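These are the residues of each chain, in order.
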Amino acid sequence: MIRLGIVVPCYNEEQVIRETTRRLRTLLDRLISAGKVCDDSCIYYVDDGSHDDTWLLIETMAHENPRLGGIKLSRNRGHQNALLAGLFTVPGDAVVSIDADLQDDVDTIEVMVDECINGADIVYGVRDDRRKDTYFKRQTAHAFYRVIRLLGIDVIYNHADFRLMTRRTLDALQDYREVNLFLRGIVPLIGFSSVKVYYTRASRAAGESKYPLRRMLSLAWEGITSFSIIPLRIVTALGAVIFALTLLMSFYVIIIRLFTEKALPGWASTVLPIYLLGGVQILAIGILGEYLGKVYREVKARPRYAIEKRINV
Ligand code: UDP
Ligand code: MG
């Protein structure tokens, strides 16, 4: 029998967290009485520096229920870091991470546990369809996975952060010390035996998405630049091609100048290349700077989160 920990990152989720607790407790009770997980399995909330009453609710619920615990981060560190804080803090032979907003199907956790009992080390929750997402989110998500595949990054299509990991895979994850965190890219790198389980993603049960466009773009950019240096190579290749073309053009200009009478002081041929090259150079420097910034943050090796309070953990 496995001891299960369920990690739920929360950022301003006061509207939904009671319902989430109700659903997760029902599930946990069922798993315990079915003899699939042991008695001291627990649900743990990670409060990612919420500004509303999320932590208060977590505390109240944890006092009422010993199978419920929580940690409070010292400030908002973002979903990925909150998740990591939870994964590294909670006890259990297997840990499931799930969003607080009930978009991921709670009952799929039972399927994950079954797979784990059958020997899987990592169980990915993959969503069947995105009908419940807005058209915009569907299209951007699709484009994101396409780009990331093109760049040769190994991620599971349509898998967010709903997954089960066993203790030894979490131990392996601890050795990935990067500060630029994109868990979806790192977990497949760990290896071990893995399976996918499919579920239908629902709409948010209550409250609003904490991933506005800005954050989605930032996660996508993080995912790409933390795992691939292909953008750098594209710029290098572009530079090389433009250099070769410029050489050819210079030959042409010299020939015109020496052997014909057509040579006119040309505005376009002077000014356009300046703009063109200027643009390319700035772009290249920008991308270089992006990676340099990452190196900068990695060498500082700042902690990824700080835990302010704990309850039942
Ligand atoms: N979340 C978090 N910190 C943040 C933003 C989000 O812990 O800074 C949590 C949030 O409470 C939720 C999960 O991450 O449990 C996913 O966020 P959300 O549902 O808003 O994202 P969406 O499903 O819209 O992509
Ligand atoms: Mg959501």
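As the structure is a computational prediction, the values presented were derived from the model and not from experiment. (Residues numbered from 1 in each chain as written. Chains lettered and ligands numbered in written order. Predicted model: local features only at pLDDT ≥ 70, side-chain atom pairs only at ≥ 80, totals over all residues. Heavy atoms only, no water.)

A.B. asks: Where do I start with the overall build of the chain in this structure?
C.D. replies: Counting its regular elements, the chain contains ten helices and eight strands. Here the C-alpha atoms of the chain give a radius of gyration of 25 Å, more than 25% beyond the 20 Å that 2.2 N^0.38 yields for 313 residues. Its C-alpha atoms give the chain principal-axis dimensions of roughly 95 × 40 × 40 Å. Across the 313 residues in the chain, those meeting the buried criterion constitute 46%. A fraction of 84% describes how many contacts in the chain between residues 6 or more apart in sequence connect residues 24 or more apart. (Helix = DSSP H or I, 4+ residues; strand = E, 2+ residues; numbered from the N terminus. Rg over C-alpha atoms; globule rule 2.2 N^0.38 Å. Buried < 20%, exposed > 50% of the residue type's maximum accessible area, 1.4 Å probe, protein only. Contact = heavy atoms within 4.5 Å.)

A.B. asks: Explain helix α8 (residues 213–225) here, please?
C.D. replies: The periodicity of an α-helix, 3.6 residues per turn, causes residues three or four places apart in sequence to face the same way. For α8, which comprises 13 residues, the first-to-last C-alpha distance of 18 Å matches the rise-based estimate of 18 Å (1.5 Å per residue) to within 8%. For α8, every residue scored as buried is listed here: Met-216, Leu-219, Ala-220, Glu-222, Gly-223, Ile-224 and Thr-225. (Expected span 1.5 Å × (residues − 1).)

A.B. asks: Before we go on, may I ask you to explain the coordination of the magnesium ion (ligand 2) in this structure?
C.D. replies: Ideal geometry at a metal centre gives angles of 109.5 degrees when four donors are arranged tetrahedrally and 90 or 180 degrees when six donors are arranged octahedrally. The protein atoms that coordinate the magnesium ion (ligand 2) are Asp-101 (OD) and Gln-103 (OE1), at distances spanning 1.8 to 1.9 Å. Each member of the pair, Asp-101 together with Gln-103, is buried. (Donors = N, O, S within 2.8 Å, 3.2 Å for Na, K, Ca; no water.)

A.B. asks: Sorry, what's going on with the side chain of Thr-169 here?
C.D. replies: Mapped onto the elements, Thr-169 comes out in helix α6 (residues 167–174). Residue classification places Thr-169 among the buried positions, given a relative accessible area of 0%.

A.B. asks: I keep staring at a positive patch on the surface and nothing clicks. Help me out?
C.D. replies: A contiguous patch of positive charge on the surface is contributed by Arg-75, Arg-77, Lys-300 and Arg-302. One can find Arg-302 in the loop between α10 (268–300) and β8 (307–311). (Patch = residues over 30% accessible without salt bridge, like charges linked within 9 Å, V, L, I, M, F, W, Y side chains within 5 Å. Areas by Shrake-Rupley, 256 points an atom, 1.4 Å probe, with all protein chains shown as cover. Salt bridge = Lys/Arg side-chain N within 4 Å of Asp/Glu carboxyl O. Lys, Arg positive; Asp, Glu negative; His and termini not counted. Charge placed at Lys NZ, Arg CZ, Asp CG, Glu CD.)

A.B. asks: Just to check I follow, could you spell out the pattern of salt bridges for this structure?
C.D. replies: It is possible for side chains of opposite charge to pair when their charged atoms get near one another. Scanning the entire structure with this criterion turns up 17 salt bridges. We note a salt bridge from Glu-110 to Arg-30, for which the minimum N-O separation is 2.7 Å. With Glu-110 in helix α4 (residues 108–117) and Arg-30 in helix α1 (residues 17–33), the pair connects residues that are 80 residues apart, well separated along the chain. On the accessibility criterion, Glu-110 (17% relative accessible area) is buried. The salt bridge involving Lys-294 is made with Glu-222; its shortest N-O contact spans 3.1 Å. Taken together, the residues Lys-294 in helix α10 and Glu-222 in helix α8 connect sequence positions 72 residues apart. The class for Glu-222 is buried, based on a relative accessible area of 17%. Each of Arg-30, Lys-36, Asp-107, Glu-110 and Asp-114 takes part in a single network of salt bridges with overlapping partners.

A.B. asks: Please clarify how the site of ligand 1 should be interpreted in this entry.
C.D. replies: Neighbouring ligand 1 are 19 residues, the closest being Glu-13, Asp-48, Asp-101, Ser-209 and Lys-210. A distance of 2.9 Å is found between an oxygen atom of ligand 1 and a side-chain nitrogen or oxygen belonging to Lys-137. One can see that ligand 1 is located within the largest pocket. Of the residues assigned to the shell around ligand 1, the class counts are five nonpolar, five polar and nine charged. (Near = heavy atom within 4 Å. Polar contact = N/O pair within 3.5 Å; in protein donor to acceptor, adjacent residues only side chain to side chain. 1 Å grid on protein atoms, 1.4 Å probe; cavity = no way out; pocket = protein on both sides within 12 Å on 5 of 7 lines; lining within 4 Å. Sits in = over half its atoms within 2 Å of the grid points. Nonpolar A, V, L, I, M, F, W, Y, C, P; charged D, E, K, R; others polar.)

A.B. asks: Can you walk me through the layout of surface pockets in this structure?
C.D. replies: Where empty space is left becomes clear once a probe the size of a water molecule has been rolled over the atoms. The volume enclosed by the largest pocket comes to roughly 950 Å³. In this structure, the largest pocket is lined by 38 residues; those nearest its centre are Lys-137, Arg-201, Ser-209, Tyr-211 and Met-216. Those elements giving two or more residues to the lining of the largest pocket turn out to be β1 (4–10), α3 (79–89), α5 (135–150), β6 (159–166) and α8. For the lining of the largest pocket, the residue count by class is 17 nonpolar, six polar and 15 charged. Put simply, the second largest pocket is a space of about 660 Å³. Around the second largest pocket sit 21 residues that line it, and Arg-77, Asn-81, Val-179, Glu-222 and Arg-297 are the ones nearest its centre. At the level of secondary structure, the elements contributing two or more residues to the lining of the second largest pocket comprise α3, α8 and α10. Among the elements that make up the lining of the second largest pocket, the one with the highest residue count is α8 (five residues). (Points joined across faces, edges and corners; volume = space filled by probe spheres on them.)

A.B. asks: Explain unusual backbone geometry to me, please; I cannot follow it from the model alone.
C.D. replies: Outside of glycine, negative phi angles account for most residues, and trans bonds account for most peptide bonds. Of note in this structure, Asn-158 is not a glycine but carries a positive phi near 60°. In this structure, Asn-158 sits in the loop between α5 and β6. One non-glycine residue, Phe-192, lies in the positive phi region at around 65°. Summarising the element assignment, Phe-192 is placed in the loop between α7 (183–190) and β7 (194–199).

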